[in-house]
Amino acid sequence: MERLHWVRHRCRTLLAGNPEGGWHSAPDDLPNKSFLDAHCSLHRVRGKRRSVFARHGPHRQEYDTFSKSYKGNAIRTTKYRLLTFIPMNLFQQFHRAANLYFLFLALLNWVPAVEAFQKEITMIPLLVVLAVIAIKDALEDYRRYLFDRKVNNNVARVFCGKQKAYNDQCWKDVRVGDFVRLSCNEIIPADMLLLYSSDPRGVCYIETANLDGETNLKQRQVVSDLPLQGEEFTPESFPSRIECENPNNDLSRFRGYMEHPSGVRVGLHNSNLLLRSCTIRNTETVVGIVVYAGHETKAMMNNSGPRYKRSQLEKRLNTDILWCVVLLIIMCLTSAVGHGLWLKNLKDPVFGVNTDTSPALAGFYVFWTMIIVLQVLIPISLYVSIEIVKLGQIYFIHNDLDLYNEQLDSRIQCRALNITEDLGQIQYLFSDKTGTLTENKMVFCRCSIYGVEYPHVENARRLEVYEAEKNKAADHSVTLRSGCSAKSRSCRSLSCNRSSVSLHTLTADSEEEDEQLSNQIQARTSAFCSRMAKEVVPDPELVRKLNWFSSPLKEASSGTPSSLELAYITDFFLALTICNSVVVSSPSQPRHVVPEARTPLKSLEEIKLMFQRFSFPPFSALSTFSPPQIRGSPRNFTSRLFTRGKTGSFSPTANNATDGSEPGRDNDMDTPKLRCILDFSAPGEGGNVAQVEDDIKKDDIKDAKTSPDGPRQEVEVDSDSDVDDELLYEAESPDEAALVHAARAYRCTLRGRSPESLLVDLPGIGSLAVQLLHILPFDSNRKRMSVVVRHPLTGQVVVYTKGADSVIMDLAETSKGAEQAQEFHSHIKDQSQKHLDSYAREGLRTLCIAKKALEEEEYEAWLKRHLLAESSIENREELLLDSAQRLETNLTLLGTTGIVDRLQEDVPETIEALQRAGIKVWVLTGDKQETAINIAYACKLLRPNDRLLTANCGSKDACAAFLKELKLEVQCGQDGLTEAPAAGAHGESSSGSVSSFILVIDGQTLDWALQEELKRDFLELSSRCKAVLCCRSTPLQKSEVVRLIRDQLGVMTLAVGDGANDVSMIQMADVGIGISGQEGMQAVMSSDFAISRFKHLSKLLLVHGHWCYSRLANMILYFFYKNVMYVNLLFWYQFVCGFSGSVMTNSWVLILFNLIFTSVPPLIYGILDQDMPAETLKGVPELYQAAQTSKIYVPHMFWITVLDAFYQSLVCFFIPYFALTGSDVGILSFGSPINASALFIILLHQVLESHTLTWIHGLVLLLSGGSYFGFVLLFSVSCVTCSPPTNPLGVETLQMSQPLFYIICAVTTFTALLPRMLFRAVYSTVHRTAALKSSHVEKVESENYRKRMQRWNLSHYRVNRLPVCADNPGLEPSTASVVS
Amino acid sequence: MMASSYSAKDEDGHITVTGPGGAALRSKKPENTAFKQQRLPAWQPILTAGTVLPAFFIIGLIFIPIGIGLFVTSNNIREFEIDYTGVDESSPCFNCSQNFSWNSTQPCTCSIPFSLEQSYENNVFMYYGLSNFYQNHRRYVKSRDDSQLNGHLGSLKQPSKECEPYAKHENKPIAPCGAIANSMFNDTLELFYNDPNGTKVLIPLRATGIAWWTDKHVKFGNPGDGLNLTAEFQGTTKPVNWRKPVYELDSDPLNNGFINEDFIVWMRTAALPTFRKLYRIISRKDNMVPTLLRGNYTLEVVYNYPVRSFEGRKRMILSTISWMGGKNPFLGIAYITVGSVCFFLGVVLLIIHHKYGNRNNSADISN
């Protein structure tokens, strides 16, 4: 079945593949497609595009011809239909080798000469297995069916041609070419082209959480050039033809054009497409035309179903099954030869039947008979059992409370169902850094502008406080959040009140609806807008400078910034504010609405002029600036500002009056007030951080604080008044959000965004509308993003660029201007670089902000080419990239930022535990080397006395030499160490007393190291190192490294990551783990397991991995044991029945013995057994190593098990044999005690092997035993002539009424189990196993825990009483060392 | 099943289109139950010398007395066995064994004298024993028709093809069909007590009560009402090797036809190639006199059954039985052996426990 799944998946990817070829890719994949999709042959022939016409438009004819071949919107994800279920299911099941084996046996039994049992009996195993799987499939399919039905019957409003109106229709009836009208919060039923939006600017917001889990809103744009903007759209007269690509699964790409009747073609791209299963947000009504429906939508094509991987253990298992086959053949051959010889020596016996067959032929027949008789030896049911066991294990992993994240309300997701035990064998762990080890919750930490560093001491302290607080105030944050969401919910319902009607049609329960909404908002607001990120304490120095022009009194004081610096600072913050794609929403407003773009006050004209003066368009003009010259102007400027603010607060009309006021006419009386406001508000925001424990209190405070400037705001910006602190920023990346919040702390607030403009508050200036010309979005190749705006003050076209330091530094070339300017620039650059380095050393993420002012002509020229690129259909991406790169040159470096990305909780502990467990942890990151090393220190991957080997080579040869050198060094180092830590390494290698090597390698060197010639050196070197850090590595490199280690060392690898850049690595590793964090769902989608925190890894691997592995390994061994043991009983009997293939048991009992009576205990064993308690496994990670090197399931264990089974079967057969030999015992009476004792032995053997026994075990064992005796007794009473030739009538009842039966069973059972019992006892006594240690450790552990809890309670109590103490990290509950 | 239903949900791989209408409103927090968190109270059977040791001693203490009991019981059983195959020329049945034919009308008789050293109390069971006779051969075992033996009329006339090649003879269905019935043991054994005063006293042998109750009353049955067997078996023929048809096995109608106990006993195939089957019971007449006095006896055999061709042996066994069946010292010895081994191992474990267990304890304390 797996194979089939795989094939299906393959086909689908092939079908959807359509690599990067676009329209003109090689046509050789056409045949693939056509055979897979016969329906679509019509338009396949037409090429790789589809034409869409409006269904009720003027082109009815064309519509009919084209749309016939397009799929409808009904989806069917079920595999079977009701009528064809049985044949289809059987067909699928017989793809399994195991079932074929059963079938072969069943058929073999129909050959008269070979026949061993009644014909129907050999069918039973097959039928049972088929039935079990068929039931499972049917249930799954039924579930899918219900789901499909629910989805298909969702209602959408579709334009109906006859009534010329939008009518309610089920989703399944929607067809390509239909017009669908959707309201806010409705789900998009099919992939549609956006044709109309109630939004005047023709945008529409969608939430793609259903698709990729990203919770931020994406903006979609009405197809440009549509003539009918603004008014209600008339579908019946939609004349245009849409040409687009054939369906594919690329969510981020859509190409095509719309051809108007006039012949004008308008390019279509991804931002015009509304994807199925996304939700419309913040837009009242949209209308779209369906272009892909049903299974052809991108959402459905991306739906590849579960992943199938083959676990390591299963591969090993197969070799052992082969051994079983060998064993079976040997046994059958023995019987065949034995029978031949026996028959040869036999002359004319009375009991002979068919004595005329030659011994050789009879032997040949017996061979096949024996294959039927001994069929159980091949544990085919093992595969089914393993599957069931793994489902059980997954169930428990999924339900683990420790892997549940309270904040995100997310459990672990198990996407791969059949590699649970691989978790227990991980030897190498490859981890991404950002978002995996760290929170990926960026908090602005410090910045440097104009070459001057602002350390933000207060802010740093706040972060510390926050950290300390975080652990304690988990519940507080919850209340905070819920409070926030309650608010946002209310406003949401305000904004979308009209849509609530349609919501009711979707689901009857509007209560649920609300709750769901609030949940989503809650999730979203908590995603990037954590309290911590929002509340940045500004650096006082920077505040002073920024406010300098508004506070003339400080003019005289020292450190007066030059005007140039001021301009830098202003530009810097402006860039922070606008150079992003952040969507702003405030609870009281739908987020897309820009607060009514107030026309800039007339007084601003002057300000602009002034600003232009100390702006620096041509840098050659630098020399003309002199501080005294402009010193006056800021004062005037501020005064003017001030006047405006002041007068505004009294009467709006006074604004006009200030226009005429002279710069010199300051209103002295008002000056202090403004300063007061500024000063007050600045600490105010940071100040309440310490007291945010209580959101109500906080609100009160805020109200109190905002009241002084209330009047001003009321008049000037009516919507700001109480919204001020409630703007919600939804950013695509956490960095962006952090920067916007940081800017906001300096009162540079992004207030609103529309496609054409941004509304920005600047300190002392007020709201400004910044005309947005272009956004050149971030991409990982450019490593930067830019916005092109018209500067609000200077009116120039300005490009603001934000990006990785390496890139920006290269692009920030000194202009060809005057020498002085050049010198000045390089000075700034050097200073900034210095700061960047120091940031990186502190583990901060660095970004550079740069700007470039464009001449109008320059801009025009660029614009022309850019538009060309935008409208092109072919190579659009490349052209856009080109265009962006053309623009982003000769930048002027404004400054740099350092953003802290804090470690996730318990990361150091987790890493330490994993290392102690013998897992080598590699960190593969795209970050800078310094940052990576610092994070490595922070998370204790690196320890103070570790030796750092840094590999940064400039060339391949150097790299080769360097690797050799390092290898030598490591060798020397290790040789010196081996003697000393030989003993200590076992238990305390991780304690830090032994220094070990850490390799740090950068991307370029890694590239060389991964090449064929250097591979081996690199491998050897890295395998000797405790850890390896790869910095600046690309996604491809990450996967290359994983592949190298996995294939060359043949070890079990695990990759963990959270972003799209980790996908290849996750897919490459044996076990891929995705962290569902801040960066969307790509990693999760490609992973086998998805967790929400890095720390969950330790429980997942150390506990669940260990358990799953040991459970499964033990279960498999037990299965082999059970089969060998039971089958051998039959084999021994052949020695006394002339190798004729007789059995001494009723054939039903024989078949059901494995199938029913002893089948459940191993499953329970495989699901529930715990060889060690969870606390021990967590506390002593070294225990993990046993499984890692597959110590439990090794070849010799298999043979020991088989030998034990041989012994037990010998005992179990020959004790009854000797006890009954010579007596008048019948065949079935002879088998009865043998069978009963075999059952006892098999069940008790399991008890011996189990590490834990719960009531479930007890129950199952009892039921198993009970079912056997029940069945056998019932059978022997009721079965009069059935089951020839082994009619059981009266056998068991008679046997069990005789004491001899019990006497035999007792001695047999005990003797059979004696050696194993003895071995276990002696072994665990002599080798004091970890199992014993564990119970001891557990004691210590619980003691520790009790103490910790006491301490924690104490500190908690104190914190509650004295909030001041919260600052003191010393009171944080100390994590006591776990095991000595 | 819980598990599989869970997986089904996870496996369907849908991109959830339910959106706000979805039902995923409950917190996804797993339930904190002992079962789901795998914290069920569990007994950890960690086997160590210390814990296993008492069990070994106890088992030793239980097994040895049982073994002695069994051994004594087995020894108290009187058993006498005599081989009358007639392999040796000196043997009285040598002649009979030499010229054999299934269809000889002239019965060959031989008498074997023997003497019992001890008198037999209680009921004495008389067995015939066969060696090297593979009644458990697969094809042999199969070769019967239970339905016919149960008295099913259809099967009587149309025997199952399992009986082949003994299903039909001369186009008449064989009753009872099959190889087992065909090869039924047909020697007649009679026992005479040679009274010291010279007279031969025929010892009365009881031919009923030797088959299982269920076999006689449930499993086997004559066709029809069983009153007129000759008529019921009309149209069938006797098995090839038989001398007389099945309805003439006994004069007693309750022991005739398919419910003839000798036949039933034969039809319960033996498990091992050397076996005995109950032939007759010598009931005890009164409590004062032993069932079989010690002294000389004569076994009179009507020698019909050929075993020489496959080197089989025929025996006559006289045995009393106890609660544990016939004489078999093996179980007693096995119990005694296992019990002693347990005891010995217990001592070994005690030593191990002293050597290692204490060290562990002290380590525990020091920690």
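The structure displayed is predicted, hence computed values, not measured ones.

Let's talk about the overall build of chain A
Part 1 of the argument: Scanning chain A from terminus to terminus reveals 50 helices and 33 strands.
Part 2 of the argument: The burial tally for chain A puts 59% of its 1380 residues in the buried class.
Part 3 of the argument: Of the contacts made within chain A by residues no fewer than 6 positions apart, 76% connect residues no fewer than 24 positions apart.

What to know about the pairing of strand 6 (residues 188–194) of chain B
Residues and elements named next belong to chain B.
Part 1 of the argument: Bridge analysis of strand 6 against strand 9 (residues 295–303) gives 7 bridges, and the strand direction is antiparallel. Across the sheet, residue E190 finds its bridge partner in strand 9, namely E300.
Part 2 of the argument: Where strand 6 lies against strand 7 (residues 200–202), 3 bridges are found, and the strand directions are antiparallel. Its bridge partner being in strand 7, F192 is matched across the sheet by L202.
Part 3 of the argument: From the end of strand 6 to the start of strand 7, which pair antiparallel, there are 5 residues, and G198 there has a positive phi angle of about 105°.

What to know about the interface of chain B and chain A
Part 1 of the argument: In this complex, chain B contributes 108 residues to the contact, which on the side of chain A involves 127 residues.
Part 2 of the argument: In this assembly, chain B packs against chain A so that about 10500 Å² is buried in total across both faces, 64% of it on carbon and sulfur atoms.
Part 3 of the argument: Connecting chain B to chain A are 2 salt bridges.
Part 4 of the argument: In this structure, A:E406 and B:K29 form a salt bridge, with 3.5 Å as the shortest nitrogen-oxygen distance.
Part 5 of the argument: Taken together, the links from chain B to chain A amount to 21 residue pairs in polar contact (both at pLDDT 80 or more).
Part 6 of the argument: Mapped onto the side of chain B that touches chain A, the elements with two or more residues apiece are helix 1 (2–11), helix 2 (49–76), helix 4 (138–142), helix 5 (146–149), helix 8 (213–219), strand 8 (275–282) and helix 11 (329–366) of chain B.
Part 7 of the argument: With 14 residues, the single largest contributor to the side of chain B that touches chain A is helix 11 of chain B.

What to know about the nonpolar core
Part 1 of the argument: Of all hydrophobic cores here, the largest spans 132 residues; its most connected members are A:L374, A:F1213 and A:F1230.
Part 2 of the argument: Ranked by residues supplied to this core, first place goes to helix 40 (residues 1096–1134) of chain A with 19 residues.
Part 3 of the argument: A:F1230 has contacts with A:Y1133, A:M1144, A:F1213, A:P1216, A:Y1217, A:L1220, A:V1225, B:A271 and B:L272, leaving out every residue within four places of it along the chain.
Part 4 of the argument: A:V353, B:L191, B:L292 and B:L318 belong to the second-largest nonpolar core, a separate cluster that totals 72 residues.

Observations concerning the sheet that holds strand 1 (residues 49–52) of chain A
All names here are of chain A.
Part 1 of the argument: Here we have 4 strands laid out as an open sheet, ordered 1-8-9-10, and antiparallel in their pairing. With one partner strand each, in any of the chains shown, strand 1 and strand 10 (265–268) form the two edges of the open sheet. Geometrically, the sheet is characterised by an average inter-axis angle of 20° between neighbouring strands, direction not taken into account.
Part 2 of the argument: Where strand 9 (residues 256–259) and strand 10 come together, 4 bridges link them in antiparallel fashion. Residue M258 lies in a different strand from strand 10, and its bridge partner there is V266.

Here we look at the state of the cysteines
Part 1 of the argument: Under the criterion given, the structure shown has 4 disulfides over all chains.
Part 2 of the argument: Here A:C1279 pairs with A:C1282 through a disulfide, and the sulfurs are 1.4 Å apart. Across the S-S bond of A:C1279 and A:C1282 the torsion is about -130°, and the bridge reads as left-handed.
Part 3 of the argument: Given a relative accessible area of 3%, A:C1279 falls into the buried group.
Part 4 of the argument: Bridging B:C96 to B:C108, the disulfide has an S-S length of 1.6 Å. Taking the sign of the S-S torsion, about -85° here, the bridge from B:C96 to B:C108 comes out left-handed. Of the two residues, B:C96 is situated in helix 3 (residues 94–98) and B:C108 in strand 2 (residues 108–116); the sequence distance between them amounts to 12 residues.
Part 5 of the argument: By sequence-ordered numbering of the bonded cysteines, chain B has its disulfides arranged as 1-4, 2-3, 5-6.
Part 6 of the argument: With no disulfide of its own, A:C414 lies closest to A:C1108 among cysteine sulfurs, the gap being 9.1 Å.
Part 7 of the argument: Using a relative accessible area of 0% as the deciding quantity, one classes A:C414 as buried.
Part 8 of the argument: Not engaged in a disulfide, the cysteine A:C748 finds its nearest cysteine sulfur in A:C447; these two sulfurs lie 11 Å apart.

Notes on the packing of aromatic side chains
Residue and element names in this part refer to chain B.
Part 1 of the argument: Taken as a whole, this structure holds 76 aromatic pairs over all chains when the rule is applied.
Part 2 of the argument: Ring centres of Y128 and F185 lie 3.9 Å apart, and the angle between their planes is 10°; on these two criteria the pair is classed as stacked. Pair noted here: Y128 is in strand 3 (residues 124–131) and F185 is in the loop between helix 7 (179–182) and strand 6, with a separation of 57 residues, a long-range link. Like Y128, the residue F185 is buried in the burial classification.
Part 3 of the argument: With 4.9 Å between their ring centres and 50° between their planes, Y193 and Y297 make a pair best called tilted. Taken as a pair, Y193 in strand 6 and Y297 in strand 9 lie far apart in primary sequence, 104 residues in all.

A few points about the UniProt feature "transmembrane region" (unreviewed entry) in chain B
Residues and elements named next belong to chain B.
Part 1 of the argument: The UniProt record marks residues 46–72 and 330–352 with the feature "transmembrane region" (unreviewed entry), using the residue numbering of this structure.
Part 2 of the argument: Here residues 46–72 runs as 89% helix and 0% strand, with 38 Å between its end C-alpha atoms.
Part 3 of the argument: Taken end to end, residues 330–352 comprises 100% helix and 0% strand; its first and last C-alpha atoms sit 32 Å apart.

Structural notes on the side chain of A:K1038
Part 1 of the argument: Within the secondary structure, A:K1038 is located in helix 37 (residues 1035–1049).
Part 2 of the argument: Once residues within four sequence positions are removed from consideration, A:K1038 is found in contact with A:D432, A:L924, A:T925, A:S1033, A:N1061, A:D1062 and A:M1065.

Observations regarding the pairing of strand 2 (residues 155–160) of chain A
Residue and element names in this part refer to chain A.
Part 1 of the argument: Note: strand 2 against strand 3 (residues 165–170), 6 bridges, orientation antiparallel. In the strand pairing of strand 3, C160 is matched with A165.
Part 2 of the argument: Between strand 2 and the antiparallel strand that follows it, strand 3, lie 4 residues; K164 among them carries a positive phi value of about 50°.

Some remarks on the sheet that holds strand 15 (residues 428–431) of chain A
All names here are of chain A.
Part 1 of the argument: Pairing within the open sheet is mixed, and its 9 strands lie in the order 14-33-32-31-15-27-30-29-28. Only two strands of the sheet have a single neighbouring strand rather than two, namely strand 14 (413–414) and strand 28 (947–951).
Part 2 of the argument: Looking at chain direction, strand 29 (residues 997–1002) and strand 30 (residues 1027–1031) are connected through 5 bridges and run parallel. Counted as the bridge partner of L999 is V1028 from strand 30.
Part 3 of the argument: Along the sheet face, helix 36 (residues 1015–1024) touches strand 15, strand 27 (920–924), strand 28, strand 29 and strand 30 and points at about 120° away from the line of strand 27.

Structural notes on the UniProt feature "domain: P-type ATPase N-terminal" (unreviewed entry) in chain A
Part 1 of the argument: With numbering aligned to this structure, UniProt lists the feature "domain: P-type ATPase N-terminal" (unreviewed entry) at residues 67–122 of chain A.
Part 2 of the argument: Counted over residues 67–122 of chain A, helix gives 46% and strand 0%. Its end C-alpha atoms are 53 Å apart.

Re the pattern of salt bridges
Side chains carrying opposite charge are able to pair once their charged atoms draw close together.
Part 1 of the argument: By the definition in use, this model includes 43 salt bridges over all chains.
Part 2 of the argument: One salt bridge in this structure joins B:R315 and B:E81, with 3.1 Å as the shortest N-O distance. Here the residue B:R315 occupies a position in strand 10 (residues 313–319), and B:E81 occupies one in strand 1 (residues 79–83), the gap between them amounting to 234 residues.
Part 3 of the argument: Here B:K200 ties to B:E300 by a salt bridge, and the two come within 3.1 Å at their closest N and O atoms. Of this pair, B:K200 sits in strand 7 while B:E300 is found in strand 9, placing the two residues 100 residues apart along the sequence.
Part 4 of the argument: Overlapping salt bridges, with partners in common, bring together A:R241, A:E243, A:E259 and A:R265 in one network.

Rules of the game
- Residues numbered from 1 in each chain as written.
- Chains lettered and ligands numbered in written order.
- Predicted model: local features only at pLDDT ≥ 70, side-chain atom pairs only at ≥ 80, totals over all residues.
- Heavy atoms only, no water.
- Helix = DSSP H or I, 4+ residues; strand = E, 2+ residues; numbered from the N terminus.
- Buried < 20%, exposed > 50% of the residue type's maximum accessible area, 1.4 Å probe, protein only.
- Contact = heavy atoms within 4.5 Å.
- Pairing = 2+ DSSP bridges.
- Buried area = accessible area lost by both parts, 1.4 Å probe.
- Salt bridge = Lys/Arg side-chain N within 4 Å of Asp/Glu carboxyl O.
- Polar contact = N/O pair within 3.5 Å; in protein donor to acceptor, adjacent residues only side chain to side chain.
- Core = buried A, V, L, I, M, F, W, Y, C linked by side-chain atoms within 4.5 Å.
- Axes fitted to C-alpha atoms, helices over the stretch in contact; angles between N-to-C directions.
- Disulfide = S-S within 2.5 Å.
- Phe/Tyr/Trp six-rings, centres within 6.5 Å; stacked < 30°, edge-to-face > 60°.
- UniProt positions renumbered as here; feature names shortened; annotations may be inferred.

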